[in-house]
Amino acid sequence: MQYLSPSSLSGEPIVTPLDKKAIQLERKKLFAELELSGETTIEMNGRSFTKNDIIQYYEDLLKEDGLMYHSVVAEDPVLLVFLETAHIGRKENFLRNPVYTDEQFINWISPYFCHAFITYMNACFLDPDEDGLTALLKNRLLMTPADTEKGWQAVIKIVMGSISTIGEYYNATGMLMLSKVKDLMEFRYIRLIQLLPSDRFGPLKDKYALCILQASVYTFNKNRQTGNYVSTWLENAQLLAASEDVKTQIGKKREELEAVLIPQEGGPVAGGGAAAPAETSPWAVIKVIIFVLLLLARMATCRHW
């Protein structure tokens, strides 16, 4: 449920405490405008509200607790913006209001906060935003246990979707190009998962790390020119892993890779494409010189004859 503040309906700044008579007057004014316009809905904050929606909204707003809680939100500009637009700026904080620990207030605000939380998390992972995720997680999450679970389940769905995409890459040869999944193994994305609470996401972090391990082995075996990429992904996976067993497993694979990794001229090839020519070895140069000397000797012999 997306939050809508009284000021969004009226178009006027919120004056606290909210005045019940002023709200009733504003409701009549809004309904009159709807009647005159002939419209059946009104657009606010990207949402369409029917007349019945507005009636229900004002009924809830005019309840004593509702009036007080809207006033609380109005006094916290960071919280207000987050609830309405699912945005929080870098290093921004909600106020330390004692009412934020009140059970009744949490029950009231929780559906709004949960909606903003899920919307915000989707945006953070769609375009990896470490600062944004850090800003939100350092604030109090104003949700009931049920809505908190709902919010984290939405995040789990995002992470599991990424695991599934990476798995599709290394399990179905040729079905999905490396270029489609490599961003999911880069540090910008991995860092977001790393920031999630380990008490809830520890097993999922291990699962993601092992998924990167499998994708790395598959990529390197397919094209050894990707060695430098694979080395970075394995490092990211080891940083992400929550358990020591998984960290150790990935660490051993990194050691194996370093033992066989040969510097490549021109760097790794993205997307598992054709390998670049290997760097010319000193022995190859010597063989060319010997061949040229033999050829010159033979030519000299031919002239003598």
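Student: Requested: an account of the overall build of the protein, with residues and values cited.
Tutor: Of the regular secondary structure elements, the protein holds 13 helices and two strands. Burial statistics for the protein: of 305 residues in total, 40% are counted as buried. When contacts within the protein are restricted to residue pairs at least 6 apart in sequence, those whose partners lie at least 24 apart make up 70%. For the protein, the accessible surface area stands at approximately 17500 Å², while carbon and sulfur atoms represent 56% of it.

Student: Give a detailed account of the packing of aromatic side chains, specifying residues and quantitative values.
Tutor: Evaluation of the coordinates by the stated rule reveals 17 aromatic pairs. Considering the side-chain rings of W152 and F201, the 5.5 Å spacing of their centres and the 75° angle between planes classify their relative orientation as edge-to-face. Within this pair, whereas W152 is found in helix α8 (residues 145–171), its partner F201 is found in helix α10 (residues 198–222), the two being separated by 49 residues in sequence. A relative accessible area of 7% places W152 in the buried class. Given a relative accessible area of 1%, F201 falls into the buried group. Geometrically, the ring pair formed by Y229 and W233 is stacked, given 5.8 Å between the ring centres and 10° between the ring planes. With Y229 and W233 both in helix α11 (residues 227–240) and four residues apart, this pair spans about one turn of that helix. Pairwise contacts between aromatic rings join Y3, Y69, Y100, F105, W108 and Y112 into one cluster.

Student: Report on unusual backbone geometry, specifying residues and quantitative values.
Tutor: Most peptide bonds are trans, and most residues other than glycine sit at a negative phi. Of note, the phi angle at A86 is positive, near 55°, even though the residue is not glycine. Mapped onto the fold, A86 is located in the loop between α5 (77–85) and α6 (103–126). Even without being a glycine, K91 presents a positive backbone phi close to 65°. Within the secondary structure layout, K91 lies in the loop between α5 and α6.

Student: An account of the packing of helix α7 (residues 130–137) against helix α9 (residues 187–195) is requested, with residue identities and associated values reported.
Tutor: Relative to each other, α7 and α9 sit at 10°, their axes nearing to 10 Å. The orientation of α7 with respect to α9, classified from their angle, is roughly parallel. Here E130, L133, T134 and L137 of α7 lie close against α9, whose contacting residues are R191, L192 and L195. Looking at side-chain class alone, the contact of α7 with α9 contains four nonpolar, one polar and two charged residues.

Student: Got a sec to walk through the nonpolar core? Specific residues and values, please.
Tutor: Of all hydrophobic cores here, the largest spans 71 residues; its most connected members are F105, F125 and Y208. Looking at this core, the element that brings in the most residues is α6, giving 14 residues. In contact with Y208, not counting residues within four places along its chain, are V159, S162, I163, I166, L184, Y189, I190, I193 and L240. L4, F31, I42 and I54 belong to the second largest nonpolar core, which has ten residues in total.

Student: Requested: an account of the confidence of the model for the protein, with residues and values cited.
Tutor: Here the protein averages 82 in pLDDT, while 78% of its residues score no lower than 70. Within the model, the stretch residues 264–280 combines pLDDT values under 50 with 28 contacts to residues more than four positions away or in other chains.

Student: Pulling in residues and values, what's your account of the side chain of D147?
Tutor: Inspection of the secondary structure puts D147 in helix α8. Engagement of the side chain of D147 in a polar contact is seen with the side chain of S110, the distance being 2.5 Å. Setting aside chain neighbours within four positions, we find D147 in contact with S110, P111 and C114.

Student: Got a sec to walk through the environment of F82? Specific residues and values, please.
Tutor: Within the secondary structure, F82 is located in helix α5. Sequence separation between F82 and F113 is 31 residues; the distance between their C-alpha atoms is 8.1 Å. Excluding residues that lie within four positions of it along the chain, F82 makes contacts with H87, I88, F94, F113, A116, F117, Y120 and L136.

Student: Please give an account of the environment of L176 that cites residues and values.
Tutor: Along the chain, L176 turns up in the loop between α8 and α9. L176 sits eleven residues away from T165 along the chain, and the two C-alpha atoms are 8.6 Å apart. With residues near it in sequence (within four places) discarded, L176 still touches T165, E168, Y169 and V181.

Student: An account of the environment of Y169 is needed here, citing residue identities and associated values.
Tutor: Counting through the fold element by element, Y169 comes out in helix α8. Sequence separation between Y169 and K180 is eleven residues; the distance between their C-alpha atoms is 8.5 Å. Those residues in contact with Y169 that lie beyond four places of it in its chain are L176, M177, L178, V181, A215, Y218 and T219.

The rules we used
Residues numbered from 1 in each chain as written. Predicted model: local features only at pLDDT ≥ 70, side-chain atom pairs only at ≥ 80, totals over all residues. Heavy atoms only, no water. Helix = DSSP H or I, 4+ residues; strand = E, 2+ residues; numbered from the N terminus. Buried < 20%, exposed > 50% of the residue type's maximum accessible area, 1.4 Å probe, protein only. Contact = heavy atoms within 4.5 Å. Areas by Shrake-Rupley, 256 points an atom, 1.4 Å probe, with all protein chains shown as cover. Phe/Tyr/Trp six-rings, centres within 6.5 Å; stacked < 30°, edge-to-face > 60°. Axes fitted to C-alpha atoms, helices over the stretch in contact; angles between N-to-C directions. Parallel < 35°, antiparallel > 145°, perpendicular 65-115°, else oblique. Nonpolar A, V, L, I, M, F, W, Y, C, P; charged D, E, K, R; others polar. Core = buried A, V, L, I, M, F, W, Y, C linked by side-chain atoms within 4.5 Å. pLDDT = per-residue confidence, 0-100. Polar contact = N/O pair within 3.5 Å; in protein donor to acceptor, adjacent residues only side chain to side chain.

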